[in-house]
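Geometric and topological summary
What follows is each chain in one-letter form.
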Number of protein chains: 2
Amino acid sequence: MSVTARALALLSAFDERHRRLTLTELARRAGLPLATAHRLTGELLSWGALERLSPGSPYYVIGRRIWDLGLLAPVQSGLRQVASPFLHDIYAATLATVHLAVRDGDEVLYVDRLSGHQSVPVVSEIGSRLPLHCTGVGKVLLAHAPADVQRRVLGDLRRITPYTITQPGRLSAQLERTRREGYAQTVEEMSLGGCSVAVPIRRPTTGKVEVVAALGLVVPTLKRDKPRLVAALQVAAEGISRSLP
Amino acid sequence: MSVTARALALLSAFDERHRRLTLTELARRAGLPLATAHRLTGELLSWGALERLSPGSPYYVIGRRIWDLGLLAPVQSGLRQVASPFLHDIYAATLATVHLAVRDGDEVLYVDRLSGHQSVPVVSEIGSRLPLHCTGVGKVLLAHAPADVQRRVLGDLRRITPYTITQPGRLSAQLERTRREGYAQTVEEMSLGGCSVAVPIRRPTTGKVEVVAALGLVVPTLKRDKPRLVAALQVAAEGISRSLP
DNA sequence: CCCCGATTTCCGCTGAACGGAAGTCTCGCC
DNA sequence: GGCGAGACTTCCGTTCAGCGGAAATCGGGG
């Protein structure tokens with residue numbers, strides 16, 4: 001194992017459930033001897049990749065320097081920045097939870113999320129990953145994913161709620177419909193009491209148009225005004241597409 | 001220079017003006033021999049700290065893994081997440097550009113920013129740093145900063161616009177007023193055509209109350225409804241304070 | 001005061017990282 | 001299509017930076 005790999009192993013020890021770690025935990029989770037972890041931690045600390053939770057605290061946390069760097073990642077700097085004003089406009093118009101997501105392998109990666117106090121509580125956080133088959137944005141991304149991704153995902157439809165679609169044939173038909181009609185929807189397939197609609201964001205590259213992201217929103221029920229919501233999303237998606245770098 | 005430091009030097013080569021770099025640029029900016037840079041980028045690549053802009057492209061960019069990690073930083077995961085719904089509520093009520101910022105050394109670090117299409121264009125981006133003496137949130141943070149920070153900043157008041165305050169005495173008086181009245185304002189001191197108000201976000205820690213962040217908004221003019229804007233900010237700041245972890 | 005677990009420092013051995021140099025790829029230009 | 005310049009990748013012998021066991025230090029609870 002190379003030095004860099006060790007340093008990266010230390011950083012990997014942090015996750016959503018472990019945002020603060022002591023030296024000992026850090027060493028154990030990274031699989032490194034204490035003395036080694038201590039030395040490496042020192043270097044990361046002096047560079048700002050790690051910080052102490054507060055001065056003198058025994059807890060290490062991810063540092064601002066890493067946060068800074070992360071903001072330069074293309075997933076964030078291009079798409080998210082362009083989309084941001086559109087998301088806010090949608091939010092102001094609907095007060096629903098608004099999601100911006102991309103596909104990362106066989107999962108949905110949430111790139112941005114807006115929600116105020118009136119919104120339905122949802123599980124997604126910025127940076128979290130969820131299955132492709134049971135969320136609005138997931139279905140949109142899946143419908144436009146390469147064949148091998150679709151094959152893998154259709155072959156492993158985990159049930160999340162009683163309404164999650166677990167029959168490949170049924171989901172497959174929905175994906176077809178999503179492509180035809182230009183939007184996807186879910187009804188309590190990810191969490192009870194939450195319904196969603198979502199539309200694709202396309203980027204006209206040379207030669208072909210590809211779907212680079214999905215834009216969706218979560219509401220308590222779709223009964224009332226699905227057409228209005230879909231229309232709002234499509235206007236925004238269109239605007240985002242035109243502003244993409 | 002240690003190995004870790006070299007790897008980190010490579011990552012530091014990226015900044016807002018250089019979001020994509022070729023191997024050669026990367027090596028030059030990090031001050032490393034080409035062969036060394038090549039080996040290290042290989043490791044960073046395989047771990048996901050770096051990615052190629054698109055498969056086969058000669059450009060390196062910051063990877064998703066770093067973005068993921070950055071989201072675990074306390075600046076983001078604690079403060080920002082709690083504040084987010086409040087910011088959206090303010091935005092929905094005012095349609096102004098809303099800022100959430102902390103002090104990072106002798107600068108303001110913008111942690112979150114909302115702006116829609118109706119908002120005044122502003123220079124700040126999420127993750128960007130600006131001087132403490134000429135922005136609304138900056139003045140709030142400066143007013144509650146340790147004496148040595150105040151001394152350094154008051155000793156180096158760079159002029160940004162014709163309205164920037166560059167006399168230490170005048171700024172000092174404003175800081176005093178900010179502490180007394182509970183809010184700060186600027187009038188075209190950072191950019192022409194932009195005025196701002198801002199309030200502190202306090203955290204009641206054991207023993208003393210400390211100012212951990214500032215909440216502000218930017219509007220074309222303060223004439224009309226400053227009291228209303230300040231009130232809206234104060235309600236939100238109060239709410240955020242109470243929800244802080 | 002003493003104990004125990006966590007953290008920090010020390011230091012001699014060693015193998016992983018270093019980087020010059022040589023080989024390969026990829027353009028653009030003639 | 002051949003040639004040259006620049007960018008990228010691979011190789012490999014040397015060496016020194018990192019390794020980690022062990023010992024010292026810290027700190028809080030009994």
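Below is a short write-up of the structure. If you're wondering where the values come from, they're calculated on a predicted model, not measured in any experiment. (Residues numbered from 1 in each chain as written. Chains lettered and ligands numbered in written order. Predicted model: local features only at pLDDT ≥ 70, side-chain atom pairs only at ≥ 80, totals over all residues. Heavy atoms only, no water.)

With respect to the pattern of salt bridges
Throughout the structure, instances matching the rule amount to 26 salt bridges over all chains. Arg29 of chain B is the partner of Asp15 of chain B in a salt bridge, and the nearest nitrogen-oxygen pair spans 3.2 Å. One end of the pair, Asp15 of chain B, is in the loop between helix 1 (3-12) and helix 2 (23-30); the other, Arg29 of chain B, is in helix 2, with 14 residues separating them in the sequence. Salt bridges sharing partners connect three or more residues here, namely Arg64 and Asp68 of chain A together with Asp104 and Arg129 of chain B. (Salt bridge = Lys/Arg side-chain N within 4 Å of Asp/Glu carboxyl O. Helix = DSSP H or I, 4+ residues; strand = E, 2+ residues; numbered from the N terminus.)

Considering unusual backbone geometry
All names here are of chain A. Here the phi dihedral of Leu95 falls at roughly 55°; this positive angle occurs in a residue that is not glycine. With respect to the helices, strands and loops of the structure, Leu95 is situated in the loop between helix 5 (74-94) and strand 3 (97-104). For Leu95, a relative accessible area of 32% puts it in the partly exposed group. (Buried < 20%, exposed > 50% of the residue type's maximum accessible area, 1.4 Å probe, protein only.)

Topic: the sheet that holds strand 8 (residues 209-219) of chain B
All names here are of chain B. The six strands lie next to each other as 5-4-3-8-7-6, forming an open sheet whose pairing is antiparallel. The open sheet terminates on both sides in strands that have one partner only, identified here as strand 5 (129-131) and strand 6 (184-187). Across this sheet, the average inter-strand angle for adjacent strands is 35°, counted without regard to direction. Pairing of strand 3 (residues 97-104) with strand 8, which is carried by five bridges, proceeds in the antiparallel orientation. Bridged to His99 within strand 8 is Gly216. On top of the sheet, helix 5 (residues 74-94) reaches strand 3, strand 4 (107-114) and strand 8; it is set at about 155° to strand 3, its chief contact. (Pairing = 2+ DSSP bridges. Axes fitted to C-alpha atoms, helices over the stretch in contact; angles between N-to-C directions. Contact = heavy atoms within 4.5 Å.)

So, the relation of the copies chain A and chain B
Of the transformation placing chain A onto chain B, the axial shift is 0.1 Å and the rotation is 180°, giving an RMSD of 0.2 Å. Both copies are brought into coincidence by an operation consistent with a two-fold rotation axis. Of all interface residues in chain A, 98% are interface residues in chain B too; the two copies therefore contact each other through one and the same surface. (Least-squares fit on C-alpha atoms with pLDDT ≥ 70 in both.)

Some details on the nonpolar core
Nonpolar side chains tend toward joint burial in soluble globular proteins. Counting 118 residues, the largest nonpolar core has Ile62, Leu100 and Leu215 of chain A together with Ile62, Leu100 and Leu215 of chain B as the members making the most contacts within it. Grouped together as the second largest cluster of nonpolar side chains are 23 residues, Val137, Val140, Ala184 and Ala214 of chain B included. (Core = buried A, V, L, I, M, F, W, Y, C linked by side-chain atoms within 4.5 Å.)

Side note on the interface of chain A and chain B
With 56 residues of chain A at the contact, the number on the chain B side is 56 residues. When chain A packs against chain B, close to 4800 Å² is buried across both sides, 63% of that on carbon and sulfur atoms. In terms of surface lost to chain B, no three residues of chain A exceed Arg64, Trp67 and Leu72 of chain A, which account for 16% of the buried area on that side. Our count for the chain A to chain B interface comes out at four salt bridges. With its nearest N and O atoms 2.6 Å apart, the salt bridge here joins Arg64 of chain A to Asp104 of chain B. On inspection of chain A and its partner chain B, the count reaches 16 residue pairs in polar contact (both at pLDDT 80 or more). (Buried area = accessible area lost by both parts, 1.4 Å probe. Polar contact = N/O pair within 3.5 Å; in protein donor to acceptor, adjacent residues only side chain to side chain.)

Observations regarding helix 6 (residues 136-143) of chain B
All names here are of chain B. The buried count for helix 6 comes to eight of eight residues, which makes it a mostly enclosed element. Restricting attention to buried positions, one finds in helix 6 the residues Gly136, Val137, Gly138, Lys139, Val140, Leu141, Leu142 and Ala143. Of the residues flanking the start of helix 6, the one acting as N-cap is Thr135, its side-chain oxygen 2.9 Å from the backbone nitrogen of Gly138.

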